[in-house]
There are 2 protein chains.
Amino acid sequence: MSPSQPLSPEAQLALLERGTVQIHQRAELAERLVQAARTGRPLRVKTGYDPTAPDLHLGHTVTLTKMRQFQDLGHIAVFLIGDFTGRIGDPTGKKSTRPALTKEQVLENAETYKRQVFKVLDPERTEVRFNSEWMDAMTAADLVRLASHYNLARLMEREDFRSRYQNNEPVSVHELLYPLVQAYDSVALQADVELGGTDQIFNLLVGREIQRDYGQPPQVVMTLPLLVGTDARLEDGSLVGDKMSKSLGNYIGINEPPESIFGKVMSISDPLMWHYTELLSRRTNEELASLKGDPLRAKKELGQELVARFYSAEVAAEVRTAFERRFSQHQLPDEIPEVTLVAPPEGLPLPSALKEAGLVSTTSDARRNITQGAVKVDGEKVTAVERVLATPGCYLLQKGKLGICRLRLTPASE
Amino acid sequence: MSPSQPLSPEAQLALLERGTVQIHQRAELAERLVQAARTGRPLRVKTGYDPTAPDLHLGHTVTLTKMRQFQDLGHIAVFLIGDFTGRIGDPTGKKSTRPALTKEQVLENAETYKRQVFKVLDPERTEVRFNSEWMDAMTAADLVRLASHYNLARLMEREDFRSRYQNNEPVSVHELLYPLVQAYDSVALQADVELGGTDQIFNLLVGREIQRDYGQPPQVVMTLPLLVGTDARLEDGSLVGDKMSKSLGNYIGINEPPESIFGKVMSISDPLMWHYTELLSRRTNEELASLKGDPLRAKKELGQELVARFYSAEVAAEVRTAFERRFSQHQLPDEIPEVTLVAPPEGLPLPSALKEAGLVSTTSDARRNITQGAVKVDGEKVTAVERVLATPGCYLLQKGKLGICRLRLTPASE
């Protein structure tokens, strides 16, 4: 999906700004892309993660996908793990969300992270860095000097600091230092670009100022939207809904089974699919434009692209084919009841399966339905009453227009 | 002047609280004095100085004198030089009053400091410490942890932070760290007591809280008034005036000549003298009480005590005797003009001296005045016209009621 011909700086810019909320400053990014093309020096594109929550869903991959687009254009992704701050945590114990981590926990989390992010990022063009590399060597005096580069009034422009301060909720002094540490990371990494969610805009802009103070050209800052969940609705032409999150159940996890990822993508509304596509697809703008007239195809393309990303191209093709085979003529029902049966190792005859799944009341009723052509297995009509479903296996059973069940056969536990 | 008998803890407390503005908490100080008497472990009494302005006047010695009282009672003075912060200064360059100092400058200033402070403090019971001892070893991570012990709202209770913030004047983030560093100094020094000016109260109290957080009993905080200058007036029973300062010229410097220190003390008003005595004398409360009825004597005692402190007991006795000899019957004029002459090594005849000093227009006029008994040298009438003033020497010349001049004779430079 990476362009076979190097894109012009203008075309790179058009691709990179797709789906972004803000770019500070667009002209600077344009200039840097021109310069990179001229000098052959790739841009260093930073994004920071704290080393705590390593189980990613699609929402986390919005930024990673943008990083990957940079990589596809020949630039370097710098994946920064903020272990310095993570290992300090919040020693006041006021915020249980930031427990201090040990060095071992950080490294373990980093490995988990890497396994996941390298499904999106190209490892060959990625630097994985830990800010402890430079922060552990930083003295208190250095930190005081760093702090001298910023003033309180500017820090208090950050929404959460200001509102907590005004509402008499405690803001610990060390919290004021963290944006400066994050900013200094950009100095240490010589970042050309930093990406983050819209909630990160304040910290990202501090990076620009601190880099300037340390004699570096200020990084370009790009923010990306927080991905809305699979339950988002269209209201007055806009997508409205909670952001994707595990706790709300409106997520697509990158470790889910391929069928589940593909199926969830197929189940979302068209407007949401276009939104996800814009943010999560590595396709060029031109490729996306060519899909505009065919939302069903676009949805399948997105599902396939995501499964290919998190598993493999082969698995993605299989999942798509299987899906098309089963549901080419029908809408996918919102929810399919699932039944799991312990079945004999030699398999279960289809009439018994239909009865156990609750689609018919007797096996003779089942046989009649089969011979009348009212029964499908995995979307295909079955008329042979002697058909046996193998154990183990997972089958989509349909009877008539309304009866549907996903049946899982498992062998008796040894 | 140190008490020959160990004072009871109650008597120690009465002496130590003399002249203080605030004690947090008086009961804790009482308790610590009792404990020190019982265990024989002296209290560690800290005061901090920044290593910039080493030319001290009496105003600087108010705190030092309180430290000396502690020493006289058997306790330890910890004289802390804040070289860590001094060497960082204010790198933003916003405040020209805090230039960064080199290590060499700090050490040089420290030596100058020591020469001066040991005129007040007993070197045997003094620890001179530099906060770079522990702050240079402190990592950025340690400083973040330290900062986590304090919150922004508390820091903003400091008057200058609050008012600058509210008036949109910049408060640099590193300035917020300095009170925490000063507080941590108390942890590192295991201070039992910290002394400071009333303008230091905020920082001193932060020390209490940080010590508690680091598992130490919180230090007793004592503040002392800013000494008013020699030009303070009495208004409605209170002394009113600017604080003593070099730039206002209302100071008594500890490096001034003995006569000048003694003379300036003698020239201040009685209420100001009592105020200075309370703050600057090492005498016991009982000794001061016994002086209450005799302000002239009290003033001489203070002048003598201060000259003894900054020079020696002998010099102090001489200066007092000379003063009494000269001015026992007269008021000291506000200002005595001074004239310095290069004189021959064999000395200068008095008539020539009177002419050169501008008290007479001719030497014959001088001789007539001498023979008429109108001329005094150092307060004593001289009627011998052949009197020669020795070189080198310093003389107070008087002619009649109005003519007065201090004449310094120096030999021609070799």
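Just so it is clear, the structure is predicted and the values come from calculations on it, not from any experiment.

Topic: the overall build of chain A
Assigned secondary structure in chain A consists of 18 helices and 15 strands. Based on the C-alpha atoms only, the size of chain A along its principal axes is roughly 85 × 50 × 45 Å. When the 414 residues of chain A are sorted by exposure, 50% land in the buried category. Excluding contacts between residues fewer than 6 apart, the proportion of contacts in chain A whose partners are at least 24 apart in sequence is 68%.

Focus: the relation of the copies chain A and chain B
Mapping chain A onto chain B calls for a screw motion: a turn of 179° about the axis and a shift of 0.1 Å along it, with 0.8 Å RMSD after fitting. This pairing of chains is accounted for by a two-fold axis. The overlap is high: 100% of the interface residues of chain A also sit at the interface in chain B, so the same surface is used on both sides.

Side note on the nonpolar core
The biggest cluster of nonpolar side chains holds 66 residues, and the ones touching the most others in it are A:Leu177, A:Leu180, B:Leu143, B:Leu177 and B:Leu180. Setting aside residues no more than four positions away along its own chain, B:Leu180 makes contact with A:Val173, B:Leu146, B:Ala147, B:Tyr150, B:Val206 and B:Ile210. Within the second largest apolar cluster, 60 residues are counted, among which are B:Ile81, B:Val120, B:Met244 and B:Phe310.

Brief notes about the sheet that holds strand 9 (residues 338-343) of chain A
All names here are of chain A. The five strands are arranged 9-15-14-11-12 in an open sheet whose pairing can be described as mixed. Looking at strand neighbours, the two that pair on one side only are strand 9 and strand 12 (380-381), the edges of this open sheet. By the bridge criterion, six bridges tie strand 9 to strand 15 (residues 403-411) in an arrangement that is parallel. Within the sheet, the bridge partner assigned to Val342 lies in strand 15 and is Thr410.

As for the packing of aromatic side chains
Two aromatic rings, taken as a pair, are described by how far apart their centres are and by the angle between their planes. Under the counting rule described, the total for this entry stands at 11 aromatic pairs over all chains. Between B:Tyr49 and B:Tyr113, the aromatic rings sit 5.6 Å apart at their centres with planes inclined by 70°, giving edge-to-face as the arrangement. Here B:Tyr113 lies in helix 5 (residues 103-117) and B:Tyr49 lies in strand 2 (residues 44-49), a separation of 64 residues in the sequence. Relative to B:Tyr113, the ring of B:Phe79 lies with its centre 5.6 Å away and its plane at 70°, an arrangement referred to as edge-to-face. Of the two residues, B:Phe79 sits in strand 3 (residues 76-81) while B:Tyr113 sits in helix 5, which places them 34 residues apart along the sequence. Per residue, the accessibility class of B:Phe79 equals that of B:Tyr113, and both read buried. A cation over an aromatic ring shows up here: A:Lys119 above the ring of A:Tyr311, its NZ or CZ 5.8 Å from the ring centre.

Points about the sheet that holds strand 1 (residues 22-24) of chain B
Residue and element names in this part refer to chain B. With respect to topology, six strands assemble into an open sheet ordered 1-6-5-2-3-4, the strand pairing being mixed. In the strand order of this sheet, the two ends are held by strand 1 and strand 4 (126-130), each with one partner. Each strand axis lies, on average, 20° off the axis of its neighbour in the sheet, ignoring direction. When strand 5 (residues 193-197) meets strand 6 (residues 220-224), the two strands line up parallel, connected through five bridges. Bridging across to strand 6, Gly197 finds its partner in Leu224. Along the sheet, helix 3 (residues 61-72) makes contact with strand 2, strand 3, strand 4, strand 5 and strand 6, crossing strand 2 at roughly 160°.

Examining the interface of chain A and chain B
Listed as interface residues are 30 residues of chain A and, on the opposing side, 30 residues of chain B. Between chain A and chain B the total buried area reaches about 2600 Å² when both faces are included, carbon and sulfur atoms providing 78% of it. Summed over the three residues of chain A that lose the most area to chain B, namely A:Val144, A:Leu152 and A:Val173, the buried surface amounts to 23% of that side. Applying the counting rule to chain A against chain B returns zero salt bridges. Our count for the chain A to chain B interface comes out at 12 residue pairs in polar contact (both at pLDDT 80 or more). Put simply, the parts of the chain that give the side of chain A that touches chain B at least two residues each are helix 4 (83-88), helix 7 (140-147), helix 8 (152-155) and helix 10 (173-189) of chain A.

Details of the confidence of the model for chain A
All names here are of chain A. Of all residues in chain A, 93% have pLDDT values of 70 or greater, and the mean over the chain is 87. Under a pLDDT of 50 for its full length, residues 92-97 has, in the predicted model, five contacts with residues more than four places off or in other chains. Interface confidence in the predicted complex, given as ipTM, is 0.72; pTM for the same model is 0.73.

Remarks on the side chain of A:Asp365
Within the fold, A:Asp365 resides in helix 18 (residues 363-371). Within the structure, A:Asp365 has its side chain in polar contact with the side chain of A:Arg368 (distance 2.7 Å).

Some thoughts on the environment of A:Ala353
All names here are of chain A. Following the sequence through the fold, Ala353 ends up in helix 17 (residues 350-356). Spatially, the C-alpha atom of Ala353 lies 9.0 Å from that of Leu341, the residues being 12 residues apart in sequence. Sequence-distant contacts of Ala353, that is, excluding residues within four places in its chain, are made with Leu348, Leu389, Leu397 and Leu407.

Overview of the side chain of B:Gln219
All names here are of chain B. Structurally, Gln219 can be placed in the loop between helix 11 (201-213) and strand 6. The class of Gln219 is buried, set by a relative accessible area of 0%. A polar side-chain atom of Gln219 sits 2.7 Å from a polar atom in the side chain of Ser186. The contact partners of Gln219, leaving out residues within four places of it in the chain, are His24, Arg32, Ser186, Ala191, Asp192, Val193, Glu194, Leu204, Gly207, Arg208 and Gln211.

What about helix 18 (residues 363-371) of chain B?
All names here are of chain B. All of the buried residues in helix 18 are Asp365, Ala366, Asn369 and Ile370. Each buried residue of helix 18 lies within a common arc of 140° when the element is viewed along its axis, so the set occupies one face. For helix 18, the elements touching its buried residues are helix 17 (350-356), strand 11 (375-377) and strand 14 (393-399).

Considerations on unusual backbone geometry
Residues and elements named next belong to chain A. The omega torsion of the bond from His24 to Gln25 falls at -15°, within 30 degrees of zero and hence cis. Tracing the sequence through the fold places Gln25 in the loop between strand 1 (22-24) and helix 2 (26-39). Non-glycine residue Asn168 carries a positive phi angle of around 60°. Tracing the sequence through the fold places Asn168 in the loop between helix 9 (159-166) and helix 10. Backbone geometry places Gln190, a non-glycine residue, at a positive phi of 50°. Relative to the elements of secondary structure, Gln190 occurs in the loop between helix 10 and strand 5 (193-197). Given a relative accessible area of 53%, Gln190 falls into the exposed group.

Some words on the pairing of strand 3 of chain B
All names here are of chain B. Within strand 3, six of the six residues are buried, leaving the element largely enclosed by the surrounding structure. Neither face of strand 3 is left uncovered, since the one carrying Ile76, Val78 and Leu80 and the one carrying Ala77, Phe79 and Ile81 both have all their residues buried. With six bridges connecting them, strand 2 and strand 3 associate as parallel partners. Residue pairing across strands places Val45 opposite Ala77, the latter belonging to strand 3. Strand direction decides the pairing type here: strand 3 and strand 4, joined by five bridges, are parallel. Looking across to strand 4, one finds that Ala77 is bridged to Thr126.

Rules used in this analysis
- Residues numbered from 1 in each chain as written.
- Chains lettered and ligands numbered in written order.
- Predicted model: local features only at pLDDT ≥ 70, side-chain atom pairs only at ≥ 80, totals over all residues.
- Heavy atoms only, no water.
- Helix = DSSP H or I, 4+ residues; strand = E, 2+ residues; numbered from the N terminus.
- Buried < 20%, exposed > 50% of the residue type's maximum accessible area, 1.4 Å probe, protein only.
- Contact = heavy atoms within 4.5 Å.
- Least-squares fit on C-alpha atoms with pLDDT ≥ 70 in both.
- Core = buried A, V, L, I, M, F, W, Y, C linked by side-chain atoms within 4.5 Å.
- Pairing = 2+ DSSP bridges.
- Phe/Tyr/Trp six-rings, centres within 6.5 Å; stacked < 30°, edge-to-face > 60°.
- Lys NZ or Arg CZ within 6 Å of the ring centre and 35° of its normal.
- Axes fitted to C-alpha atoms, helices over the stretch in contact; angles between N-to-C directions.
- Buried area = accessible area lost by both parts, 1.4 Å probe.
- Salt bridge = Lys/Arg side-chain N within 4 Å of Asp/Glu carboxyl O.
- Polar contact = N/O pair within 3.5 Å; in protein donor to acceptor, adjacent residues only side chain to side chain.
- pLDDT = per-residue confidence, 0-100.
- Arc of directions from axis to C-beta.

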